[in-house]
Amino acid sequence: MPICKRLTEAARAGKFGPLCAITMHFGSYKPYDMHNRFFNRQLAGGALFDIGVYALSFVRLFLSSCPDEVITQVNEVPWEG
């Protein structure tokens, strides 16, 4: 994505100043279906495992070293179905 390339170039050029913390919001909506791996823990660990990897990978683009701490949070939404 062009915006990612421009953001990483700007960060590496020091245009944002020193990086102290990053907050990343990332989510997705899927229709409820227990045959989908996002809902069925027997089929790959669920949505948090999957989308957490994408968010962490994006944030890692801006870090010059490995993070000391990674904190996650979830907002559980009651399902109608």
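Here, every reference points to the structure presented above.
So, here's what we can say about the structure. The shown structure was predicted, so the numbers you read here are calculated from the model rather than taken from an experiment.

Bringing the overall build of the protein into the picture now. When helices and strands are tallied, the protein shows two helices and zero strands. Once local pairs closer than 6 in sequence are excluded, the contacts in the protein between residues at least 24 apart make up 47%. Carbon and sulfur atoms provide 56% of the accessible area of the protein, an area that totals close to 7,400 Å².

Once that is clear, we can look at the packing of aromatic side chains. Enumeration according to the criterion identifies one aromatic pair in this entry. For the ring pair Phe58 and Phe62, a centre distance of 5.5 Å and an interplane angle of 70° mean the geometry is edge-to-face.

Together, Leu19, Ile22, Met24, Phe26 and Tyr54 line one region of the surface with nonpolar side chains, adding up to about 470 Å² of accessible area. Checked against the element boundaries, Ile22 lands in the loop between helix H1 (2-12) and helix H2 (46-60). The exposure class of Ile22 is partly exposed, given its relative accessible area of 34%.

Moving on: the side chain of Thr8. For Thr8, the position within the fold is in helix H1. By relative accessible area, which is 8% here, Thr8 ends up buried.

Attention now goes to H1. Listed in full, the buried residues belonging to H1 are Cys4, Thr8 and Ala10. Down the axis, H1 shows its buried residues gathered within 160° of arc, on one side only. Exposed residues on H1 whose side chains face more than 90 degrees from its buried face are Pro2, Lys5 and Arg6. Taken from the residues just after H1, Gly14 is the one with a positive phi, measuring 80°.

What counts as what
Residues numbered from 1 in each chain as written. Predicted model: local features only at pLDDT ≥ 70, side-chain atom pairs only at ≥ 80, totals over all residues. Heavy atoms only, no water. Helix = DSSP H or I, 4+ residues; strand = E, 2+ residues; numbered from the N terminus. Contact = heavy atoms within 4.5 Å. Areas by Shrake-Rupley, 256 points an atom, 1.4 Å probe, with all protein chains shown as cover. Phe/Tyr/Trp six-rings, centres within 6.5 Å; stacked < 30°, edge-to-face > 60°. Patch = residues over 30% accessible without salt bridge, like charges linked within 9 Å, V, L, I, M, F, W, Y side chains within 5 Å. Salt bridge = Lys/Arg side-chain N within 4 Å of Asp/Glu carboxyl O. Buried < 20%, exposed > 50% of the residue type's maximum accessible area, 1.4 Å probe, protein only. Arc of directions from axis to C-beta.

Fair warning: the whole summary comes from geometry, so function is off the table for now.
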